[in-house]
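# Architecture and fold: a report
Below, each chain spelled out in residue letters.
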Amino acid sequence: MEVYSHIRTPIILFVVIFAALTSLALGCKVGFYQATCPRAESIVQSVVKSAIRSNPTYAPGILRLFFHDCFVNGCDASVLLDGSTSEQTASTNSHLRGFEVISTAKARVETECPGVVSCADILALAARDSVVETGLPRWEVPTGRRDGLVSRAEDALKLPGSRDSAEVQIEKFAAKGLNIEELVTLVGGHTIGTSACARFVHRLYNYSNTNAPDPHIDQAFLPHLQTLCPEHGDRTIRVDLDTGSVNNFDTSYYENLRKGRGVLESDTKLWTHHITQNLVQQFISVGRPNQLTFSKKFARAMVKLSQVEVKTGNEGEIRRVCNRIN
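About the thresholds
Residues numbered from 1 in each chain as written. Predicted model: local features only at pLDDT ≥ 70, side-chain atom pairs only at ≥ 80, totals over all residues. Heavy atoms only, no water. Disulfide = S-S within 2.5 Å. Buried < 20%, exposed > 50% of the residue type's maximum accessible area, 1.4 Å probe, protein only. Helix = DSSP H or I, 4+ residues; strand = E, 2+ residues; numbered from the N terminus. UniProt positions renumbered as here; feature names shortened; annotations may be inferred.

### A word on the state of the cysteines
- Tallied over the entire structure, the rule returns 4 disulfides.
- Across the disulfide from cysteine 70 sits cysteine 75; the S-S distance is 2.0 Å. Its S-S torsion of about 120° marks the bond between cysteine 70 and cysteine 75 as right-handed, since a negative value means left-handed. Cysteine 75 matches cysteine 70 in its accessibility class, with the two residues each being buried.
- Here cysteine 197 pairs with cysteine 229 through a disulfide, and the sulfurs are 1.9 Å apart. On the sign convention where negative is left-handed, the bridge of cysteine 197 and cysteine 229, at about -75° about the S-S bond, is left-handed. Pair noted here: cysteine 197 is in the loop between β1 (194-196) and α8 (202-205) and cysteine 229 is in the loop between α9 (222-228) and β2 (238-240), with a separation of 32 residues, a long-range link.
- Overall, cysteine 197 belongs to the buried group, its relative accessible area being 1%.
- Across the chain, the disulfide pattern expressed with sequentially numbered bonded cysteines is 1-4, 2-3, 5-8, 6-7.
- Among the cysteines around cysteine 28, which has no disulfide bond, cysteine 75 carries the closest sulfur, lying 8.9 Å off.

Now the structure itself:
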């Protein structure tokens, strides 16, 4: 499949789309730091690019870090806070990575503009830059978020789970103001990255106490997964979520769902549910128009996600370091 880095989307296309989107940003706007820290975005981009080129697994790591932040009390960098009962300690967040990249970006921005740029904005920018680095065209990110003061492990229960049905996923996204198309589009972020065997091994041997594998898994693909994740083997082993295209941000993830090669149960449910299947189908046909449709919709959904329950104005604070409040 053609890789997105070869696509040259006309700049005007994204300008028109995001001019409309960013007008909806409550307290946030594109270029928020233009006067107070004009090099902020380029500094973050440089740090993220360097990190991903040295270790490609940082791209999906940072993207999921952003997603897990926004889904728990909004995009306020609460997931970055350390603590014995912070969000980081929740089992659903045990696999998150990329914290050090955000900390490095924050430190470099602080050197240039002390006390100006929030960790929440740095994380939002880094998530965009991670996706761009793996193939999608760049989009503008509204900034102006403030950092949250609270991080509780129990709040992470709001996160979508790897065993969620399509109905539950729809409900959880709707609670954040995201519609079904945005759900299917954002879950397309699974086109990069991996999952631990622990998240899906239940599908491979004794699905729903049937003593048999999940019948929705392609029978030709099942032995591959069973080899990587033996029934009583190491459940921390990582497996590609998008077989054959783990480092490219493309639509092959959706094609794998159609073929019964979705790794997570929650992903597979998007193909077996009649409403979400129709939306998955729109990204399956191969070719440039299809890829451009996905890139535009993913960028639009990311902008909307980045506005979930943001703190602005006098809310929260601008942290000096991202892992603790001032």
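### Regarding the UniProt feature "binding site: Ca(2+) 2" (unreviewed entry) in the chain
- UniProt records the feature "binding site: Ca(2+) 2" (unreviewed entry) for Thr191, Asp242 and Asp250 in the present numbering. Taking the farthest pair of C-alpha atoms as the criterion, the annotated set spanning 60 residues converges on one region, since that pair is 9.5 Å apart.
- If you trace the backbone, threonine 191 turns up in the loop between α7 (180-186) and β1.
- Judged by its relative accessible area of 2%, aspartate 250 falls in the buried class.

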